[in-house]
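# Observations on the three-dimensional arrangement
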Amino acid sequence: MDTSTPNNTCGSDCCCESPQGASVKKPGFIGKRPWLFVIFAFGVMFSAWGVMIFMAVKHQPEAIPLAKPLVE
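Counting of residues starts from 1 at the beginning of each chain's written sequence and follows it residue by residue. Thresholds applied to this predicted model are a pLDDT of at least 70 for local features of residues and 80 or more for the giving and counting of side-chain atom pairs; totals over whole chains, interfaces and linings are not thresholded and use all residues. Heavy atoms throughout the structure, all of them, feed into the side-chain values; hydrogens and water do not.

### With respect to the overall build of the protein
For clarity, the threshold we go by: Runs of E in the DSSP output that reach at least two residues are strands. Runs of H or I that reach at least four are helices, and both are numbered from the N terminus. For each residue, the accessible area found with a 1.4 Å probe, counting protein chains only, is set against the maximum for its type, and the residue is called buried under 20%, exposed over 50%, and partly exposed in between. Calculation of accessible area relied on Shrake-Rupley with a 1.4 Å probe; when residues are assessed, cover is drawn exclusively from the protein chains displayed.
A tally of regular secondary structure across the protein gives 2 helices and 0 strands. A buried classification covers 0% of the 72 residues belonging to the protein. In the structure as shown, the protein presents an accessible area of about 7500 Å², 67% of it carried by carbon and sulfur atoms.

Following this line, the structure appears as structure tokens:
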């Protein structure tokens, strides 16, 4: 078994290039931190709920009086 040939033959320590020679784009700030999408989604959800509750309280229908109970 010959182990003299390394698995990485591109000449660099990291494998940053595809086999065709095109460079691979490294992930950006958000790509490295996908949990920020979750935080953002929860923020949007809580904001939407807050707006719906605010509008429901502000535009409540008039209270309708109930009939008197039959048993006194």
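### Considering the packing of aromatic side chains
Note on aromatic pairs: each is described by the distance of the centres and the angle between the planes. Test applied: Ring pairs shown here join Phe, Tyr and Trp side chains whose ring centres sit within 6.5 Å, with only the six-membered ring taken for Trp; geometry is labelled stacked below 30 degrees between planes, edge-to-face above 60, and tilted in between.
Under the definition given, this model contains 1 aromatic pair. Seen in terms of ring centroids, Phe 42 and Phe 46 are 6.0 Å apart; in terms of plane orientation they differ by 35°. Their pairing is tilted. Of this pair, Phe 42 and Phe 46 both sit in helix α2 (residues 35–58), 4 residues apart, which is roughly one turn of the helix.

### Focus on a nonpolar patch on the surface
Formally: Only residues above 30% relative accessible area that lack a salt bridge enter a patch, with like-charged residues linked at up to 9 Å and the nonpolar side chains Val, Leu, Ile, Met, Phe, Trp and Tyr linked at up to 5 Å. In the sections that follow, a salt bridge refers to a side-chain nitrogen of Lys or Arg positioned within 4 Å of a carboxyl oxygen of Asp or Glu.
Taken together, the side chains of Val 38, Phe 42, Met 45, Phe 46, Trp 49, Met 52, Ile 53 and Val 57 present a nonpolar region at the surface, about 850 Å² in accessible area. Take Met 45: it is sitting in helix α2.

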